[in-house]
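Given next are the chains, with one letter for each unit.
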Amino acid sequence: MAKADRLERLDSRREALEAEYCAALVAALQVTAAGSWGLFDHKPDRATQAKIAPVVDELTDMGASIDGLRAQLSMAPFDLHRQFLASRGPVASSKVGEPKQAQAWLDKLGIPAAGPAL
């Protein structure tokens with residue numbers, strides 16, 4: 001019974017962290033879709049990278065925590081985080097920009113982009 005309770009608590013923690021991760025990712029995607037660059041690291045600009053680093057670090061830390069919990073629960077790694085990490089980095093100049101890429105992510109997740117900031 002104790003093991004079942006422990007596993008249930010781990011799974012509840014995983015679910016809460018995944019929801020927190022999704023909320024943080026959606027917030028970052030909405031800012032990017034509104035025109036702010038850096039989330040996908042398309043341009044090697046130090047100022048932009050430094051500005052977005054706390055957001056990316058937070059997502060990376062949460063993703064690692066989620067993967068750790070999933071490993072304890074014998075579950076597959078957190079795919080949303082893997083997809084996000086795979087989408088980052090330099091791209092060819094013919095590819096869509098970060099705002100359009102962020103909007104595509106939001107569309108895929110079924111979430112509308114935020115309006116312009118006031």
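That block above? That's the structure.
First things first, this report covers the structure right here in the doc. Predicted, not measured: the structure shown is a model, and the values here were computed from it. (Residues numbered from 1 in each chain as written. Predicted model: local features only at pLDDT ≥ 70, side-chain atom pairs only at ≥ 80, totals over all residues. Heavy atoms only, no water.)

1. Some words on helix α4 (residues 98–109)
Part 1: Helix length check: α4 (12 residues) gives 16 Å between terminal C-alpha atoms against 16 Å at 1.5 Å per residue, within 8%.
Part 2: For α4, every residue scored as buried is listed here: Glu-98, Pro-99, Gln-101, Ala-102, Trp-105 and Leu-106. For α4, the angular spread of the buried residues around the axis is 165°, confining them to a single face. Exposed residues pointing more than 90 degrees away from the buried face of α4 are listed as Lys-100, Asp-107 and Lys-108.
Part 3: Just downstream of α4, Gly-110 is the residue with a positive phi angle, here 75°. (Helix = DSSP H or I, 4+ residues; strand = E, 2+ residues; numbered from the N terminus. Expected span 1.5 Å × (residues − 1). Buried < 20%, exposed > 50% of the residue type's maximum accessible area, 1.4 Å probe, protein only. Arc of directions from axis to C-beta.)

2. A look at the packing of aromatic side chains
Part 1: Inspection of the entire model under this criterion finds four aromatic pairs.
Part 2: With a centroid separation of 6.4 Å and 40° between ring planes, the pair formed by Phe-40 and Trp-105 is classed as tilted. Taken as a pair, Phe-40 in the loop between α1 (2–33) and α2 (46–72) and Trp-105 in helix α4 lie far apart in primary sequence, 65 residues in all.
Part 3: Its relative accessible area of 0% is what places Phe-40 among the buried residues.
Part 4: Look at Trp-105 and you get buried, because its relative accessible area is 8%.
Part 5: Aromatic pair Phe-84 and Trp-105: ring centres 6.4 Å apart, planes at 85°, arrangement edge-to-face. Taken together, the residues span a long stretch of sequence, with Phe-84 in helix α3 (residues 79–87) and Trp-105 in helix α4 at a distance of 21 residues.
Part 6: Residue Phe-84 is classed as buried on the basis of its relative accessible area of 0%.
Part 7: Above the plane of the ring of Trp-37 lies Lys-43, whose end atom (NZ or CZ) is 4.4 Å from the centre.
Part 8: When the ring centre of Trp-105 is taken as origin, the NZ or CZ atom of Lys-108, which lies over that ring, is 4.3 Å away. (Phe/Tyr/Trp six-rings, centres within 6.5 Å; stacked < 30°, edge-to-face > 60°. Lys NZ or Arg CZ within 6 Å of the ring centre and 35° of its normal.)

In short, geometric facts, not functional conclusions.
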